[in-house]
Amino acid sequence: MSELKRRQFIAAGAGALAAASVMRAVPAGAAPFGSVDTTIPAPPNFPAGIPLYQQRYQNWSKEIILDAIWTCSPVTAEDVVRLANWAHTNGYRIRPRGAMHGWTPLTIVNGENIDRTVLVDTMVHLNGISVNAGAGTVSAGAGATIEAILQQLQNNGLGWASVPAPGVLSVAGALAVDAHGAAVPAVGESAPLGTTYGSMSNLITSLTAVVWNGSEYALRTFDRSEPEITPLLAHLGRTFLTSVTLQAGANTRMRCESFTDIGWRELFAVSGAPGRTFESYLDRTGRVEAIWYPFTENPWLKVWSISPQKPPTAREVFGPYNYPFSDNLPEIASDLIGQLTVGNTSIAPAFGQVFYGTTVAGLAATASYDLWGWAKDLQFYIKPSTLLLTEGGGAVITSRANVAQVIHDFAVWFEDRVSYYQSIGQFPINGPVEIRCCGMDDPADVIVDSAGPPTISAMRPRPDHPEWNTAVWLNVLGVPGTPGMFAFYREMEQWMRGHYSGQWATFRPEWSKGWAFSSELPYKDADVIDTILPNTYREGVPSDENWDTALSVYNAFDPHRIYSNTLIDQLLP
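Residues numbered from 1 in each chain as written. Predicted model: local features only at pLDDT ≥ 70, side-chain atom pairs only at ≥ 80, totals over all residues. Heavy atoms only, no water.

Side note on the UniProt feature "domain: FAD-binding PCMH-type" (unreviewed entry) in the chain
Next up, step 1: Under the local residue numbering, the UniProt record ascribes the feature "domain: FAD-binding PCMH-type" (unreviewed entry) to residues 63-251.
Next up, step 2: Secondary structure content for residues 63-251 is 16% helix and 29% strand, and the end C-alpha separation is 37 Å. (UniProt positions renumbered as here; feature names shortened; annotations may be inferred. Helix = DSSP H or I, 4+ residues; strand = E, 2+ residues; numbered from the N terminus.)

Shown next, in the form of structure tokens:
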């Protein structure tokens, strides 16, 4: 079986397991507590009535895999309270587990001792959804998927202006890392009431978490107006949400056009340049994404637009994930991935050409160059079976007027560096560049009294630079295990942090992706973790609402650090 097909098989099996686990106290394939099939010591004095089982864990890119770790599935929020107090009494840590669609080791760190760690699967039972159409809000359990939430909103005439591409994400997992979409206001457009162009975290009107109350862990509901809520809106796993209420606006129909015939030099031109530029599409529709395969000339450009009526040339769709060719790659792509994973990196140019050719042929074969439907059905396009790649990059925070220059500078730098490495026979990068934009966490978007934006969101505004109203996401993907890849990401990260600085921009990590790269691994640059990242959330923001005040809130609500791991201990001490 090829490596790609093996990965797809595992991903499909994981999806089936998630679906089956809704119907069972213990998921299929897991070894229940007390079974002869368990292979690791059981946690002592575990709370009665909460299903406990030994299960496999793997993250999205399969760079973090555990064959066996104790996992449980609480049925109620009160069960989470019992788990928290049990963990405190018995010296354990509990880590919330959602869809496992992430790169950053915020749940499990490779190589750390997990003997006294229990994962808490929120998606089995804590997944209820309730829409209050009159108030324009939706309340959901921590494990509800954002696809399920948006379906319920759609059923009530509501939706969000901007959503992440994978609908499988648990809402609590998405909020923990300030997940975002790819939307800014088009020229002359304003955010519809109840929506935001910033992170999903900026939609929160209230949340319920299990926090220390001075004598024990207990449920507490925080309204958006309470100052202590702002660090909890995007918390990197340093607390445990059981439910959340988010605002919503009127649902919309959208159109998504794809273009594969625009050269990258034209598309990524400087501001004001003629032709079919990223800037021109962004001004016209506000919703643009470019996927630029390595060693190719023409990116795959997606352009979404609000379209109440179906355009004559568009094909209507009735559900999400409308690019099946990106989830079921041809055999030649599978073979190339197999060669890359064994170190034959010189095939990277052929790999990029195959991906581009597959995209062009797939869009034509499925009549997907021009699609029309409900907003969520056009914005969800990444499935669990999509090729599992790793990522590096981050967000450039700047003004809308600077977006074209930000993208142009990066494209030129990237092309130059890839060409240089190719000239010396090295191919550290073999996946596409992804370029998107979204808005900031504008306090004006919140429909209730608000204490402020999420404290450590990448999209948090800088009061000293009110003109910085846009986040430009620049990410580069690669096949896990590619020699030299992390060294390239380190070089790229350092260039981005140095280039996008001063009075025109700043650089922030995308919490769910790769950052703090050493030459060998991500999350290993101590200077970035200990100093540079914290300073990013000290500069230009009030001293009473910054990185340090967020730490004080986390430590007050979890002084015993039951919601932590070795990376979080370092990042959020």
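There is more to say after this.
Digging into the nonpolar core
Next up, step 1: In this structure, W160, V171, L207, L246, W511, W515 and L571 are the most contacted members of the largest nonpolar core, which totals 66 residues.
Next up, step 2: Broken down by element, the residue count for this core peaks at six residues, all from helix α13 (residues 547-557).
Next up, step 3: Not counting chain neighbours up to four residues away, the residues in contact with W511 comprise T104, V177, D178, L236, I456, A458, L533, Y537, W547 and L571.
Next up, step 4: The next biggest cluster of nonpolar side chains, apart from the first, holds 41 residues, and it includes V403, V472, F486 and Y489. (Core = buried A, V, L, I, M, F, W, Y, C linked by side-chain atoms within 4.5 Å. Buried < 20%, exposed > 50% of the residue type's maximum accessible area, 1.4 Å probe, protein only. Contact = heavy atoms within 4.5 Å.)

Brief notes about the packing of aromatic side chains
Next up, step 1: By the definition in use, this model includes 37 aromatic pairs.
Next up, step 2: Ring centres of Y293 and F355 lie 5.7 Å apart, and the angle between their planes is 40°; on these two criteria the pair is classed as tilted. Taken together, the residues Y293 in the loop between β14 (287-292) and β15 (300-306) and F355 in helix α8 (residues 348-365) connect sequence positions 62 residues apart. The two residues Y293 and F355 agree in class, both being buried.
Next up, step 3: Residues F295 and F427 carry aromatic rings whose centres are separated by 5.9 Å and whose planes lie at 55° to one another, so their mutual orientation is tilted. Of this pair, F295 sits in the loop between β14 and β15 while F427 sits in the loop between α10 (403-423) and β19 (433-439), and the two are 132 residues apart along the sequence.
Next up, step 4: Residue F295 is classed as partly exposed on the basis of its relative accessible area of 21%.
Next up, step 5: Relative accessible area serves as the criterion here: at 10%, F427 is assigned to the buried category. (Phe/Tyr/Trp six-rings, centres within 6.5 Å; stacked < 30°, edge-to-face > 60°.)

Digging into helix α2 (residues 77-90)
Next up, step 1: Taking 1.5 Å of rise per residue, the 14 residues of α2 would be expected to cover 20 Å, and the 20 Å separating its terminal C-alpha atoms lies within 8% of that figure.
Next up, step 2: α2 sits mainly inside the fold: 10 of its 14 residues count as buried.
Next up, step 3: As for α2, its buried residues are in contact with β3 (65-72), β4 (93-97), β5 (117-121), β9 (204-212), β10 (217-223) and β11 (241-247).
Next up, step 4: Positive phi appears at G91, one or two residues downstream of α2, with a value of about 70°. (Expected span 1.5 Å × (residues − 1).)

Some points on the pairing of strand β6 (residues 129-132)
Next up, step 1: Across four bridges, β6 lies against strand β7 (residues 137-141) in antiparallel orientation. Residue I129 lies in a different strand from β7, and its bridge partner there is A140.
Next up, step 2: Between β6 and β7, which pair antiparallel one after the other, the connecting turn spans four residues, and G136 there sits at a positive phi close to 70°. (Pairing = 2+ DSSP bridges.)

Considering the sheet that holds β5
Next up, step 1: Strand order across the open sheet formed by five strands is β1-β2-β3-β5-β4, with mixed pairing between neighbours. With one partner strand each, in any of the chains shown, β1 (31-32) and β4 form the two edges of the open sheet.
Next up, step 2: Relative to β3, strand β2 (residues 52-58) runs antiparallel, the two sharing six bridges. Along β3, the bridge assignment pairs Q54 with W70.
Next up, step 3: Across the face of the sheet, α2 comes into contact with β3, β4 and β5 while running at roughly 145° to β4. (Axes fitted to C-alpha atoms, helices over the stretch in contact; angles between N-to-C directions.)

Observations regarding the environment of Y537
Next up, step 1: Tracing the sequence through the fold places Y537 in the loop between α12 (526-536) and α13.
Next up, step 2: Judged by relative accessible area, Y537 falls into the buried class, the value being 1%.
Next up, step 3: Along the backbone, Y537 and R508 are 29 residues apart, and their C-alpha atoms lie at a distance of 9.1 Å.
Next up, step 4: For Y537, the residues in contact, after removing those within four places along its chain, are T455, I456, S457, A458, R508, W511, N546 and W547.

Considering the packing of α10 against helix α11 (residues 485-499)
Next up, step 1: Here α10 crosses α11 at 150°, and the two axes come no closer than 12 Å. If you check the angle between α10 and α11, you find them roughly antiparallel. Where α10 crosses over α11, the two elements pack in a sense that is right-handed. Residue-level inspection shows D409, F410, W413, F414, R417, V418 and Y421 of α10 in contact with α11, the latter providing F488, E491, M492, W495, M496 and H499. (Parallel < 35°, antiparallel > 145°, perpendicular 65-115°, else oblique. Left-handed = near helix turned anticlockwise from the far one by under 90°.)

A short note on the sheet that holds β11
In a beta sheet, neighbouring strands are held together by backbone hydrogen bonds and run either parallel or antiparallel to one another.
Next up, step 1: With respect to topology, five strands assemble into an open sheet ordered β6-β7-β11-β9-β10, the strand pairing being antiparallel. Here the strands that pair on one side only, and so sit at the sheet edges, are β6 and β10. On average, each strand axis in the sheet is inclined to that of its neighbour by 15°, with strand direction left out of account.
Next up, step 2: The strands touched by α2 within the sheet are β9, β10 and β11, with β10 carrying the most contacts at an inclination of about 125°.
Next up, step 3: The sheet contacts of helix α3 (residues 146-155) involve β6 and β7, and relative to β6 the element is tilted by about 35°.

Points about the environment of V270
Next up, step 1: Locating V270 in the fold gives a position in the loop between α5 (264-267) and α6 (278-285).
Next up, step 2: By relative accessible area, V270 is classed as partly exposed at 34%.
Next up, step 3: Here V270 is in contact with E279, A404, Q405 and H408, once residues within four sequence places are set aside.

Looking at the pattern of salt bridges
Next up, step 1: This structure, assessed with the given rule, holds 26 salt bridges.
Next up, step 2: E297 is the partner of R265 in a salt bridge, and the nearest nitrogen-oxygen pair spans 2.8 Å. Residue R265 is located in helix α5, and its partner E297 is located in the loop between β14 and β15; the two are separated by 32 residues in the primary sequence.
Next up, step 3: Look at the salt bridges and you will find they share partners, linking R93, R561 and D569 into a network. (Salt bridge = Lys/Arg side-chain N within 4 Å of Asp/Glu carboxyl O.)

Details of the pairing of β7
Next up, step 1: With four of five residues buried, β7 lies mostly within the body of the structure.
Next up, step 2: Where β7 lies against β11, five bridges are found, and the strand directions are antiparallel. Bridged to S139 within β11 is T245.

Thoughts on the side chain of H101
Next up, step 1: With respect to the element layout, H101 can be found in the loop between β4 and β5.
Next up, step 2: When residues no more than four places from it in sequence are discounted, the contact partners of H101 are W60, P166, V168, L169 and I382.

Considerations on α3
Because each turn of an α-helix spans 3.6 residues, side chains separated by three or four positions end up pointing in the same direction.
Next up, step 1: Every buried residue belonging to α3 is among I146, I149, L150, L153 and Q154, and all of these are buried. Across the axial projection of α3, the buried residues extend over an arc of 135°, all falling on one side.
Next up, step 2: On the buried face of α3, the contacting elements are β6, β7, β8 (158-159), α4 (171-176), β17 (370-374) and α9 (375-379).
Next up, step 3: Positive backbone phi, approximately 75°, marks G157, located one or two places after α3. (Arc of directions from axis to C-beta.)

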